[in-house]
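Take a look at the letters that make up each chain.
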Number of protein chains: 2
Amino acid sequence: MRILKFALLSVAVASVSAVASDTDLLNKAKNYFKPLPKEIPAPKDNPTTAEKVELGKKLYYDPRLSLSGVISCNTCHNLATFGVDNVPTALGHEFKTGGRNSPTVLNAGFHIAQFWDGRAKTLEDQAKGPILAHVEMAMPNPEFVVLKLKTIPGYVKEFKKVFGGNDPITYDNVAKAIAAFERTLVTPSRFDKFLKGDTNALTKKEKEGLRLFIDKGCASCHNGVAVGGEMFAKFGIVKPYPTPDMGKYKVTKKEEDKYVFKVPSLRNIAMTYPYFHDGSVWDLKEAVRIMGETQLGIKLSHDEIDKIVAFLKSLTGEIPESARTVPVLPASSKDTPKPKLKIHD
Amino acid sequence: MRILKFALLSVAVASVSAVASDTDLLNKAKNYFKPLPKEIPAPKDNPTTAEKVELGKKLYYDPRLSLSGVISCNTCHNLATFGVDNVPTALGHEFKTGGRNSPTVLNAGFHIAQFWDGRAKTLEDQAKGPILAHVEMAMPNPEFVVLKLKTIPGYVKEFKKVFGGNDPITYDNVAKAIAAFERTLVTPSRFDKFLKGDTNALTKKEKEGLRLFIDKGCASCHNGVAVGGEMFAKFGIVKPYPTPDMGKYKVTKKEEDKYVFKVPSLRNIAMTYPYFHDGSVWDLKEAVRIMGETQLGIKLSHDEIDKIVAFLKSLTGEIPESARTVPVLPASSKDTPKPKLKIHD
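As the structure is a prediction and not an experimental result, all values here were calculated from the model.

What follows concerns the packing of aromatic side chains. All names here are of chain B. What the rule picks out here adds up to 30 aromatic pairs over all chains. Between F191 and F311 the ring centres are 5.2 Å apart and the planes differ by 75°, which places this aromatic pair in the edge-to-face class. With a gap of 120 residues between them, F191 in helix 8 (residues 190–195) and F311 in helix 12 (residues 302–313) connect regions that are remote in the sequence. One exposure class covers both F191 and F311, and it is buried.

Our next topic: the relation of the copies chain A and chain B. Superposing chain A onto chain B takes a rotation of 180° plus a shift of 0.0 Å along the axis, which leaves an RMSD of 0.0 Å. The superposition operator between the copies reduces to a two-fold rotation axis. Every residue of chain A has its C-alpha some distance from the rotation axis, and the shortest such distance is that of T325(A), at 2.1 Å. Most of the interface of chain A is mirrored in chain B: 100% of its interface residues are interface residues there too.

Glancing now at the interface of chain A and chain B. Taken together, the 40 residues of chain A in the interface contact 40 residues of chain B. Across the interface of chain A and chain B, roughly 3,000 Å² is buried in total on both sides, 75% from carbon and sulfur atoms. Among the residues of chain A in contact with chain B, F95(A), R324(A) and V326(A) are the three that bury the most area, contributing 21% of the side total. Where chain A meets chain B, there are zero salt bridges. Here chain A is connected to chain B by six residue pairs in polar contact (both at pLDDT 80 or more). Considering only residue class, the side of chain A that touches chain B consists of 22 nonpolar, ten polar and eight charged.

Okay, helix 2 (residues 50–61) of chain A next. Residue and element names in this part refer to chain A. In a regular helix each residue adds 1.5 Å, so twelve residues correspond to 16 Å; helix 2 covers 17 Å between its end C-alpha atoms and thus fits that length. Burial analysis of helix 2 places nine of its twelve residues in the buried class, which makes it a mostly covered element. Turning to helix 2, its buried residues are K52, V53, L55, G56, K57, K58, L59, Y60 and Y61.

Residues and elements named next belong to chain A. Within the secondary structure layout, A331 lies in the segment after helix 13 (321–324). Using a relative accessible area of 24% as the deciding quantity, one classes A331 as partly exposed. Taking the C-alpha atoms as reference, A331 lies 32 Å from P41; in sequence the two are 290 residues apart.

One pass over the full model with this rule turns up 48 salt bridges over all chains. Put simply, R267(A) and D192(A) hold a salt bridge, and the shortest N to O gap is 2.9 Å. With R267(A) in the loop between strand 2 (260–262) and helix 11 (284–296) and D192(A) in helix 8 (residues 190–195), this residue pair connects regions lying 75 residues apart in the sequence. On the accessibility criterion, R267(A) (1% relative accessible area) is buried. Across the pair E208(B) and K307(B) runs a salt bridge, and its minimum N-O distance is 3.1 Å. Note that E208(B) is positioned in helix 9 (residues 204–215) and K307(B) in helix 12, a separation of 99 residues in sequence. What emerges from the salt-bridge pattern is a single network uniting R100(A), D117(A), R119(A) and D245(A).

Looking now at the side chain of S332(A). Relative to the helices and strands, S332(A) is located in the segment after helix 13. At a separation of 2.9 Å, a polar atom in the side chain of S332(A) contacts the side chain of R64(A). Among residues more than four places away in sequence, those in contact with S332(A) are R64(A), I152(A) and Y273(B).

Now for the layout of surface pockets. Here the largest pocket is characterised by a volume of approximately 820 Å³. Around the largest pocket sit 46 residues that line it, and W116(A), H222(A), V263(A), P264(A) and L266(A) are the ones nearest its centre. Elements with a minimum of two residues in the lining of the largest pocket: helix 4 (123–132), strand 1 (232–234), strand 2, helix 11 and helix 12 (302–313) of chain A. At six residues, the largest contribution of residues to the lining of the largest pocket is made by helix 11 of chain A. Looking at the lining of the largest pocket residue by residue, the class counts come to 28 nonpolar, 14 polar and four charged. Looking at the lining of the second largest pocket, the elements that each hand over two or more residues are strand 1 (232–234), strand 2 (260–262), helix 11 (284–296) and helix 12 of chain B. Looking at which element gives the most residues to the lining of the second largest pocket, the answer is helix 11 of chain B, with six residues. Taken together, the residues of the lining of the second largest pocket break down into 25 nonpolar, twelve polar and three charged.

If a probe as big as a water molecule is rolled over the atoms, it shows which places are left empty. A full pass over the atoms with the stated rule returns four cavities of 30 Å³ or more. A volume near 510 Å³ is recorded for the largest cavity. Looking at the largest cavity, it is lined by 33 residues, and the ones nearest its centre are V70(A), N74(A), T75(A), V70(B) and T75(B). At the level of elements, helix 3 (73–76) of chain A together with helix 3 (73–76) of chain B are the ones that each hand at least two residues to the lining of the largest cavity. Looking at side-chain class alone, the lining of the largest cavity contains 17 nonpolar, 14 polar and two charged residues. By volume, the second largest cavity amounts to about 150 Å³. If you trace the second largest cavity, you find 16 residues lining it, with R64(A), S332(A), P339(A), N86(B) and W282(B) closest to the centre. For the lining of the second largest cavity, the per-class residue count stands at five nonpolar, six polar and five charged.

Residue and element names in this part refer to chain B. The N-to-C vectors of helix 2 (residues 50–61) and helix 7 (residues 171–182) enclose an angle of 100°; their axes lie 7 Å apart at closest approach. It follows from the interaxial angle that helix 2 and helix 7 lie roughly perpendicular. Residues K52, V53, L55, G56, K57, L59 and Y60 of helix 2 pack against V174, K176, A177, I178, A180, F181 and E182 of helix 7.

A few words now on the UniProt feature "domain: Cytochrome c" (unreviewed entry) in chain A. Residue and element names in this part refer to chain A. In the UniProt entry, the feature "domain: Cytochrome c" (unreviewed entry) is given for residues 51–160 and 204–316. For residues 51–160, the end-to-end C-alpha separation is 11 Å, with 38% helix and 0% strand making up the annotated structure. In the segment residues 204–316, helix accounts for 36% and strand for 5%; the C-alpha atoms at its two ends are 17 Å apart.

Residue and element names in this part refer to chain B. Relative to the 16 Å expected for twelve residues at 1.5 Å per residue, helix 7 spans 17 Å between its end C-alpha atoms, a close match to the ideal helical length. The element helix 7 is largely enclosed, with a buried count of ten among its twelve residues. By the burial criterion, the buried members of helix 7 are Y171, N173, V174, A175, A177, I178, A179, A180, F181 and E182. The elements touched by buried residues of helix 7 are helix 2, helix 3, helix 4 (123–132), helix 5 (142–150), helix 6 (153–163) and helix 13 (321–324).

Residue and element names in this part refer to chain A. Relative accessible area serves as the criterion here: at 3%, D192 is assigned to the buried category. Separated by 159 residues in the primary sequence, D192 and F33 have C-alpha atoms spaced 9.3 Å apart. If we ignore the near neighbours within four places in the chain, the residues touching D192 are K34, P35, L36, T187 and R267. A polar side-chain atom of D192 sits 2.8 Å from the main-chain amide nitrogen of L36.

Moving on: the environment of A18(A). Tracing the backbone through its elements, the reader meets A18(A) in helix 1 (residues 2–32). The spatial distance from the C-alpha of A18(A) to the C-alpha of E51(A) is 48 Å, given a sequence separation of 33 residues.

Calculation rules
- Note that residues are indexed from 1 along each chain, following the sequence as it is written.
- Here the convention is simple: chains get letters from A, ligands get numbers from 1, in the order in which they are written.
- Note on the predicted model: pLDDT of at least 70 is required for a residue's local features to be given, and 80 or more for side-chain atom pairs to be given and counted; whole-chain, interface and lining totals, by contrast, use all residues.
- Computation of side-chain values covers all heavy atoms of the structure but excludes hydrogens and water.
- Pairing of aromatic rings covers Phe, Tyr and Trp, the last counted by its six-membered ring, and requires centre-to-centre distances within 6.5 Å; plane angles under 30 degrees mean stacked, over 60 mean edge-to-face, and any other angle means tilted.
- Only runs of H or I of at least four residues qualify as helices and only runs of E of at least two qualify as strands under DSSP, and these elements are numbered from the N terminus.
- Classification of residues uses two cut-offs on accessible area relative to the type maximum, computed with a 1.4 Å probe and protein chains only: under 20% is buried, over 50% is exposed, and between them is partly exposed.
- Fitting of the copies onto one another was done by least squares over C-alpha atoms, counting residues only where both copies have pLDDT of at least 70.
- Contacts are assigned to residue pairs that have any heavy atoms within 4.5 Å of one another.
- What counts as buried area is the accessible surface, traced by a 1.4 Å probe, that two parts surrender upon association, with contributions from both included.
- Definition used for salt bridges: Asp or Glu carboxyl oxygen within 4 Å of a side-chain nitrogen of Lys or Arg.
- Throughout this description, a polar contact denotes any pair of N or O atoms lying within 3.5 Å of each other; where both atoms belong to protein, one of them has to be capable of donating a hydrogen while the other can accept it, and for residues adjacent in sequence the pair is counted only when both atoms sit in side chains.
- Only Asp, Glu, Lys and Arg are considered charged in this grouping, and only Ala, Val, Leu, Ile, Met, Phe, Trp, Tyr, Cys and Pro are considered nonpolar; every other residue, Gly among them, is considered polar.
- In a helix, the anticipated span is given by 1.5 Å times the number of residues less one.
- Method remark: on a 1 Å grid restricted to protein atoms, a set of points is classed as a cavity if a 1.4 Å probe fits but cannot get out and as a pocket if it is open with protein on both sides within 12 Å along at least five of seven lines; lining residues have an atom within 4 Å of a point.
- Grid points are joined across faces, edges and corners, and a volume is the space filled by probe spheres set on the points.
- Only the contacting stretch of a helix is used when fitting its axis, a line to C-alpha atoms as for every element, and angles between N-to-C directions run 0 to 180 degrees.
- Here the angle decides the label: under 35 degrees means roughly parallel, over 145 means roughly antiparallel, 65 to 115 means roughly perpendicular, and every other value means oblique.
- UniProt positions are given in the numbering used here, feature names are shortened, and annotations may be inferred rather than shown by experiment.

Printed below as a string of structure tokens:
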């Protein structure tokens, strides 16, 4: 009887201390992370409206925004695969590959800037890039995009409704609509439940992983609402990472920007392989191991990596079903420029 | 007063005769066409179940069924664009083009056979083709498809649930699941309402077009539940159509199959441009004009073409939203073969 009492007491103490430890972890985590809001805040000059989001979704899924007529934003940022293409570097026009791994569009509007090197400040700016990139959608210039959209009666009507004015179809408005759609791509996961106070939303192992993620220093860069995306960092702070890609330096030509990239968001990271700017690593455990070595100068044990990866998997969230409902695209007219396979022919 | 009475009487007579004429047209139409059922009937060896449809949808949207990892069934049979790619001929692996225009998957299970030359008897047979075609999804062989799917834990579980047995992931079962999904791709339109007795479901012009469509002879080939797809015919019965493509002859080597193609379904035809097996014609009016000339030996007037096209537009239907909800694809594992850009490298 005394033994039983003691045993029960032990369980109670252990459970009290587990609760205390969970609360401690939660408070610690709150210093680094924030739960996702319902929608990404919009800039003043591009308020999110239901109609704009719907138009943006159409443009996002529309392959006519490419020269070939078969590549859409959704080709490389596929919403069936967590907003990425799951290939090392983007495959675009003429089956050419881009230089970097396609980052996910999910939660991207929380980032400090867009692209791996942050060369676009906003989602609006970002949206204008791939449409014109020769190895991506390969449209020759913004004017051609506008001209093409103007030949599609359904778009003429919808742009008018969304943007008003005499000339609603502009390249800026194309980007605004796409960005508005992308601001709905928020993917809450069990980690958000945890951050909101439900300490049972994560398993014991995941919580151990979270604690390691904070204590080992991962959270010094991967933090905030998107668990990353809020700062830039050199890839190879402690130990160089072998890459010919100079990162932000390409844009700024500043010595201190050599090998500097945007710290990627780790939300949905388990689904957005392969990893790093060059998509060179397919295994999340290996990616975590490399990060420890190059960024923190530590050798994480197998057990630590295992736990951190368990935590990272808890960041896999739900893509809103409205975003995953493929729109019915408006028909072309006989004036709509025909698809072209070669940029110069 | 007498004049007014007469006028009223005239209107009444005209309206009675319009109703009589509508009923006459409806009865005539019923000799040729049938309204779409909710779902396409399934063969005995592949009954449609909700779980199989869901698995089939995943496979349909999954780019991992291609060698490059970026081309899915939905790339060329895009459900945002009525199950086609809206380009002359399919664009596939290495940006190579196929020889023929991608037919829509919508309502395809009603057809007598699959492909333009009918070389596949069933949807199941058809599904096995493009995955292996070098200019489409370019998988080297069925074994590799099976091997790849077996490395994806989510699929292992789902195939087991759907097909049971010791070895549920087979190329046959891949095709069965995709076919089951495709049997849900039924697109009722206003024409079905008309066929069910609501003669106001079509406008006056559309009804005039329908009457012409029957009277001029279009309906002798384009008939049945899918308004086509139920027979084969020579392209150029009366006047040759300039094409190097020998159609069914390529498969059978029979003299009588030269230039013979499956009569395409005209459901959603206004949205599935460009037209014909070679995708050479973008304008539906032009396509109708050519059909009159080559198949019927008649010169349709502008007004007749206009009305027939108005009728054809009434065949644009609704794609079920369930089919348009992009699935969340199961994650690859570290054993999953990596995407390859070149067939031989």
